[in-house]
Number of protein chains: 6
Amino acid sequence: MRILVVNPNTTASMTEKAGAAARAVAAPGTEIIAANPAMGPASIEGYYDEALAVPGLLEVIAAHGRAAPGIDGVVIACFDDVGLDAARCLSAVPVVGICEAAMKTATLLGGRFSVVTTMPRSIPALEHLAERYGVAGRCRVRAAGVPVLALEDPTSGAVERVRDTIRQAIAEDGAESVVLGCAGMADLARALTAEMGVPVVDGVTAAVKLVEGLAVLGLRTGKTGGYAFPLPKPYAGDMARFAPAPQP
Amino acid sequence: MRILVVNPNTTASMTEKAGAAARAVAAPGTEIIAANPAMGPASIEGYYDEALAVPGLLEVIAAHGRAAPGIDGVVIACFDDVGLDAARCLSAVPVVGICEAAMKTATLLGGRFSVVTTMPRSIPALEHLAERYGVAGRCRVRAAGVPVLALEDPTSGAVERVRDTIRQAIAEDGAESVVLGCAGMADLARALTAEMGVPVVDGVTAAVKLVEGLAVLGLRTGKTGGYAFPLPKPYAGDMARFAPAPQP
Amino acid sequence: MRILVVNPNTTASMTEKAGAAARAVAAPGTEIIAANPAMGPASIEGYYDEALAVPGLLEVIAAHGRAAPGIDGVVIACFDDVGLDAARCLSAVPVVGICEAAMKTATLLGGRFSVVTTMPRSIPALEHLAERYGVAGRCRVRAAGVPVLALEDPTSGAVERVRDTIRQAIAEDGAESVVLGCAGMADLARALTAEMGVPVVDGVTAAVKLVEGLAVLGLRTGKTGGYAFPLPKPYAGDMARFAPAPQP
Amino acid sequence: MRILVVNPNTTASMTEKAGAAARAVAAPGTEIIAANPAMGPASIEGYYDEALAVPGLLEVIAAHGRAAPGIDGVVIACFDDVGLDAARCLSAVPVVGICEAAMKTATLLGGRFSVVTTMPRSIPALEHLAERYGVAGRCRVRAAGVPVLALEDPTSGAVERVRDTIRQAIAEDGAESVVLGCAGMADLARALTAEMGVPVVDGVTAAVKLVEGLAVLGLRTGKTGGYAFPLPKPYAGDMARFAPAPQP
Amino acid sequence: MRILVVNPNTTASMTEKAGAAARAVAAPGTEIIAANPAMGPASIEGYYDEALAVPGLLEVIAAHGRAAPGIDGVVIACFDDVGLDAARCLSAVPVVGICEAAMKTATLLGGRFSVVTTMPRSIPALEHLAERYGVAGRCRVRAAGVPVLALEDPTSGAVERVRDTIRQAIAEDGAESVVLGCAGMADLARALTAEMGVPVVDGVTAAVKLVEGLAVLGLRTGKTGGYAFPLPKPYAGDMARFAPAPQP
Amino acid sequence: MRILVVNPNTTASMTEKAGAAARAVAAPGTEIIAANPAMGPASIEGYYDEALAVPGLLEVIAAHGRAAPGIDGVVIACFDDVGLDAARCLSAVPVVGICEAAMKTATLLGGRFSVVTTMPRSIPALEHLAERYGVAGRCRVRAAGVPVLALEDPTSGAVERVRDTIRQAIAEDGAESVVLGCAGMADLARALTAEMGVPVVDGVTAAVKLVEGLAVLGLRTGKTGGYAFPLPKPYAGDMARFAPAPQP
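The rules behind the values
Residues numbered from 1 in each chain as written. Chains lettered and ligands numbered in written order. Predicted model: local features only at pLDDT ≥ 70, side-chain atom pairs only at ≥ 80, totals over all residues. Heavy atoms only, no water. Helix = DSSP H or I, 4+ residues; strand = E, 2+ residues; numbered from the N terminus. Rg over C-alpha atoms; globule rule 2.2 N^0.38 Å. Buried < 20%, exposed > 50% of the residue type's maximum accessible area, 1.4 Å probe, protein only. Areas by Shrake-Rupley, 256 points an atom, 1.4 Å probe, with all protein chains shown as cover. Lys, Arg positive; Asp, Glu negative; His and termini not counted. Charge placed at Lys NZ, Arg CZ, Asp CG, Glu CD. Pairing = 2+ DSSP bridges. Right-handed = clockwise from strand over helix to strand, strands pointing away. Contact = heavy atoms within 4.5 Å. Buried area = accessible area lost by both parts, 1.4 Å probe. Salt bridge = Lys/Arg side-chain N within 4 Å of Asp/Glu carboxyl O. Polar contact = N/O pair within 3.5 Å; in protein donor to acceptor, adjacent residues only side chain to side chain. Nonpolar A, V, L, I, M, F, W, Y, C, P; charged D, E, K, R; others polar. Least-squares fit on C-alpha atoms with pLDDT ≥ 70 in both.

(A) Spotlight on the overall build of chain A. Helix and strand content of chain A: 8 helices and 10 strands. In terms of C-alpha radius of gyration, chain A reaches 18 Å, essentially the compact-globule figure of 18 Å for 248 residues. Reported as C-alpha extents along the three principal axes, the dimensions of chain A are approximately 55 × 35 × 35 Å. Across the 248 residues in chain A, those meeting the buried criterion constitute 67%. Accessible surface, chain A: about 7,700 Å² in total, of which carbon and sulfur atoms supply 55%. Within chain A, the 25 negative side-chain charges are centred at a point lying 5 Å from the centre of the 21 positive side-chain charges.

(B) Examining the pairing of strand E6 (residues 113–117) of chain B more closely. Residues and elements named next belong to chain B. Among the 5 residues of E6, 5 are classified as buried, and the element is accordingly described as predominantly covered. With burial as the criterion, each face of E6 is covered, one bearing Phe113, Val115 and Thr117 and the other bearing Ser114 and Val116. In this sheet, strand E8 (residues 177–181) lies alongside E6 in parallel orientation, the contact comprising 5 bridges. Bridge assignment links serine 114 to a residue of E8, and that residue is valine 178. Sheet analysis places E6 next to strand E7 (residues 139–143), joined by 5 bridges and oriented parallel. Looking across to E7, one finds that phenylalanine 113 is bridged to cysteine 139. Where the polypeptide runs from E6 across helix H5 (residues 123–132) and back to E7, its parallel neighbour, the crossover connection is right-handed.

(C) Region of the structure containing the interface of chain E and chain F. Contact with chain E, which involves 43 residues of that partner, is made by 43 residues of chain F. Summed over the three residues of chain E that lose the most area to chain F, namely Tyr47, Tyr48 and Arg121 of chain E, the buried surface amounts to 21% of that side. Counting across the interface, chain E meets chain F through 6 salt bridges. With a shortest N-O distance of 3.4 Å, aspartate 238 of chain F and arginine 241 of chain E are connected by a salt bridge. Inspection of the region where chain E meets chain F yields 19 residue pairs in polar contact (both at pLDDT 80 or more). Contributing elements (two or more residues each) for the side of chain E that touches chain F: strand E3 (40–41), helix H2 (47–66), helix H3 (84–90), helix H5 (123–132) and strand E10 (235–236) of chain E. It is H2 of chain E that provides the largest number of residues to the side of chain E that touches chain F, a total of 8 residues. Tallied by class, the residues present in the side of chain E that touches chain F amount to 27 nonpolar, 7 polar and 9 charged.

(D) Broad picture of the relation of the copies chain A and chain B. Note on the copies: chain A fits chain B at an RMSD of 0.0 Å, the axial shift is 0.0 Å, and the rotation between them is 180°. Considering both components of the superposition, the chain copies are consistent with a two-fold axis. Every residue of chain A has its C-alpha some distance from the rotation axis, and the shortest such distance is that of alanine 51 of chain A, at 3.7 Å. Of the residues that chain A buries at the interface, 100% are likewise interface residues in chain B, meaning the two copies contact each other through the same surface.

Dropping the structure here:
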């Protein structure tokens, strides 16, 4: 089995971290292909970065999907679930975002949970995802107040602030589990689970297991509704290369 | 006052239709600038088209926002409210999508309402918007089964199918008003209101009046939360020209 | 265009303030008719006052609606949206309440918002309206602890308490905008927007722009459902003069 | 114990029917006082009638509440729960509306239930009450298409239409119980329960038992929030007699 | 009338307390039969205790239901509403849980209310019931931090902690009434109502009045849907005695 | 890895079918232990059967959990998610129900989905689970009208009725995927996916992959809230053997 883990920003160290986290949990027979776009923002902090990351993300998926021997599933490794709907239309194989993976995994472990993300500006987007995924009533989103790229710098103190925010969530929110709200925290989950006394869920690893599961079950995105393949039509200008081809 | 009406697809006849509809309702002192991107899909039917339309849309907004004497508000003239969140981050002036405009306007006119859109594949996206805008409990979405561009062709029979679908909605959904679910129907609302005996709402014109209102009231998008200006950071490759500049 | 702004209590200074606020934002061609009932409570603080204000409110609307040359729309200038449903039945033209106007306007400006009203006893009624208007999940209601009529007295310190409560809402609620929860605060919005760094929405002015917009769009209340004209029938006693006449 | 059953319209035959239904279920020691206002509409069909019925309703409650030896609770015998919030503010004793009584009773008997009311125009108001009472997800509202006063006329065929609509609800809605959506149907519930094979709930009798229960339990409306007694203040014109007196 | 009040745990002192509370509010002609199972947990604190209490509970109901002259209704006197759905299937007469009774009674008395229960581990189960009963938006659940059986020991200080938690709820939650979240608090409601200045609702007594009401109204659980009588089928092993008999 | 798949009814052929389905998707290193209780109902059709199945289910889990070398996770193979909360309290390892597994898996594959279960009496219970799992707005439950044990009899025509009901769901519900609502259908999913043109999800296999994933991720049920281990306390009578032991 081959799973494509796409980091939709262009920071290679985050791609490597996500790939390593994915490989650490992948089944013996699973190959993890970690990739990031050649174009787009260096990190995704807010809706504008999100929107401009999507074409690059779709390009990565199209490139791997068309190449032999193909892939069996896709993980979108950004906690905003950037481009998830478009990727599901584009791809024939299952696609899972790490926010939905982490939130749905948390619902298997307890009642209320809290998400600890990076910057306060991301809170509204994640609250909206929580609502969309049907968990808004049991989920609180908190920000540690650290920029995404500070997680790549061990001297930044970012991890300690994440740790403090998790402690607050446990103490004040009635959280029975905690979700790490950024792909850049993927390496922290196991140690924090041991340290904090509650399950701490990382989305990258959770998504890898969900995609593996779907592939084994032979389940792919339904193509009769909102996730139907794109209709063939002209795309103008710089976007011409994205124009959907007729489905065979 | 100057309002930018962006049709996020690249079909000029739809841009003209939206511009004409906007001008027909604009206040005497309001200048309507109707524009569409130079790049992207010819029509927007589903999430993939949506995603690839957004960079072009943002480019249009940035171009007009930076030029003197600037604009006072933006209407996004695609019923999927394509790129609305990103546009709100980018822009200093209010931005309104035509789906939210039409749905919120319908709530001022009665209880239940129905949306009549083009293709069935758009129903899930519009149902999701209805949920996001807090109207899911009073809104049903129906598709007339016509491609977007068929609305540009008077010989296609598309308008008659829209009319039939509206009649079904009134008869079966308890709809006290009807929302036209595509910018390409902007020219039909007034006649259908007279014909159908219920208010028929078009999003382009509804959005123009909302944006005008916000501008007169001196209200702009809040910038302290999820719609804060993008943080300055490097953007790679073809997207480099979108890299956010530091706010002054 | 002629818009009737009805203050449903009998305090003329509030009527004047609402009228002035309305005129300040009305389009050049719009005439604002500010009026209040001859009967009913001097201020509306709670459900009992609300209920007894409604007949007077309806009387004002009927008087203006029947007189030539008629009106093009109605604003109900009390933040409890007193009598809104009944007024929509009575009137052939659009009717907008200032709570719904302000709340729906706030949803165009950001995610979460807070309402700052006068007395704690009003909180449940406004929370209920927030639920009805589909914004309960993103709205918190706070009371400044000032009686309605204290807003008419510059020496009461009421405005300073409103200001403090707004600051709390911004600091603690994640509010990206603020709604002023009483028609008596209509004169404060513009200055507070500048001072607070977030958009501050007043319902009277927001409602005027919504009604103007509906009138331009040719949209009136749907009459095929819950807002159908009242059926002709006998009304007894003091209410006999309210008996609905047969629709022509 | 003395319970005031107020029919908020002025049709004496409906008052008598409600009183008789109430007496048929009241506990041995309970006296039922059935009354209707001297002023207001002859029947309540829509929001306009509702609004104009309230002052008369409040007058009836005030009259009985002030007279020795007082009353122990109030039932508002109109299925729109007309004036319920205002009555709760006015009164020191518990007040229950027949819609809330019937809906909450139905939730004790099964999962989904359907309401069968009189005219289609009442559906939106009842759907709104269902939402307010937290039962919207399990409740469907249907109209039999009979005017309220036709229920008073045995030759009108109205009861047969109610019966047919109940049968439809059972067959199509998954209704495990049925609620009669008009006080004028109060005499039908017991026979229909036997005939239809599902529990059929009438609001007047349900409300009488709830009020009796609250009185025995020593529970009265909470007065620290939205249902606090009205504040003393001037009321102008014809409404002057309703001006709240200071609480002792 | 005969009402069976089942305490589903095996602590006889709690059964006696529930029985006494029930008798104090029962109508003159009502006989209260208080009983508890011969098997199962001594107290119910969490889902595991709940599950193992149910067979004993059902055994008690079956024993009394089959004996002449039968019972007219059942109260399940544990605040988790243990076994409520199963009991409704088993029994021909109405069955009410004390949590649903208390929560639905509280909605007749004001807007927001708070539940004060025993141990924090019970909060998720009660929040889930609040959601199921349609009151989650107006209800907050707090724990006093006292074990259930401490309520049976006057020297434990448990009642004082309940009192403190009620005070917090009134001060911080906007609670207009308070619900006691354990059958072991049934004796406290009346005194706390007087002391706290808000209505304090006990579920045992509330449920008795609801069941009495249903019985007088001739309303029983609907048997055409989820609460149909169990289908006859073999039950193996120790559970064989529970095998449903064919309905006559 | 060892996963315990418990069929909570006592029909061995269903246990074998669930075990075979589980083994067909388990990872190479995973041992599936399929078991059913020695006591309880032969099939689970409604709340009464559910309740009486739980003690046997818990006994199976306790037996395997205490035996060396222990288990790494538990699947409850009944679509009502019988005893899920209690099992989570009892067990140190993750526990997943097949309804929640299937519903959450379906949300990864499309928007709306339909559940096809056996008997109409199960619909309310499954609708309630859909609400609890946050998917009620996108899920419709249908019954094929076949008894559970008919699925074990190839001559019963049951599978054909399931097939017809799936076709209806696709045609009428806007379902983009379908969930099989009974463990006894576990063998049908793969063939139906191929035949129906939409993904068809079986809960047993979905749950196995979820539990495997949780085990690999090192995630177990949170024990600080509602799923804390049972408190040690006396259990009386036949239930004495279930009395929780003190946690080590």
